[in-house]
Amino acid sequence: MTDSQWAIRQELGDQHGMADAMFNLGVISWVQGHLDEAHRLLRESMGILRSLDDWFRMAQAIKSMGEVLVRSGLFEDGLVLLESSVQIYDDLGYGVWGTWPFLAEAKLHLGRYE
């Protein structure tokens, strides 16, 4: 997407749609093994969600970014993000779904599995 297309979409108020699109493309990139692209797209999604104060979706994006970092071998950074997503979900009163295996993997690689 070009900078002008991005600006037009933001001007038209489709920020939730843009955040969702960036998130979905980031997850697809992650599944396809394009971890650098996944990291970039998820970061863009998180930037939009931060500006919208959408903490539920932000927790999802942070969780996915943590998963990408764990898959990239950046276990410490991934662990920090995964734990942050758990805290946000907890603060919002939601259960944590799908995060525990990635937390366990990161802790295992860091020698901190409990």
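What counts, and where the lines are drawn
- The written sequence of each chain sets the order in which its residues are numbered from 1.
- Local features in this predicted model are restricted to residues whose pLDDT is 70 or higher, and side-chain atom pairs enter the listing and the counts only when it is 80 or higher, whereas totals over whole chains, interfaces and linings include all residues.
- Side-chain measures were taken over the full set of non-hydrogen atoms in the model, leaving aside hydrogen atoms and water.
- Put simply, DSSP H or I for four residues or longer makes a helix, DSSP E for two residues or longer makes a strand, and each gets a number counted from the N terminus.
- In this scheme, a residue with accessible area under 20% of its type's maximum is buried, one over 50% is exposed, and one in between is partly exposed, where area comes from a 1.4 Å probe on protein chains only.
- Residue contacts are counted whenever heavy atoms from the two residues lie within 4.5 Å of one another.
- Reported accessibility uses the Shrake-Rupley method at a 1.4 Å probe radius. Residues are deemed covered only where the shown protein chains occlude them.

Details of the overall build of the protein chain
Part 1 of the reasoning: For the protein chain, the helix and strand inventory stands at six helices and zero strands.
Part 2 of the reasoning: For the protein chain, the succession of helices and strands along the chain, N to C, is α-α-α-α-α-α.
Part 3 of the reasoning: Within the protein chain, buried positions represent 35% of all 114 residues.
Part 4 of the reasoning: Within the protein chain, counting contacts between residues at least 6 apart in sequence, those at least 24 apart form 51% of the total.
Part 5 of the reasoning: Surface accessibility of the protein chain: about 6600 Å² in total, with carbon and sulfur atoms responsible for 54%.

What about the side chain of Ser-29?
Part 1 of the reasoning: Within the secondary structure, Ser-29 is located in helix H2 (residues 15-31).
Part 2 of the reasoning: What makes Ser-29 buried here is its relative accessible area of 8%.
Part 3 of the reasoning: Apart from the residues lying within four places of it in its own chain, the contact partners of Ser-29 are His-34, Glu-37, Ala-38 and Leu-41.

As for the side chain of Ser-45
Part 1 of the reasoning: By the element assignment, Ser-45 lies in helix H3 (residues 35-52).
Part 2 of the reasoning: Its relative accessible area of 0% is what places Ser-45 among the buried residues.
Part 3 of the reasoning: Other than its neighbours up to four places away in sequence, Ser-45 contacts Ala-19, Met-22, Phe-23 and Ala-61.

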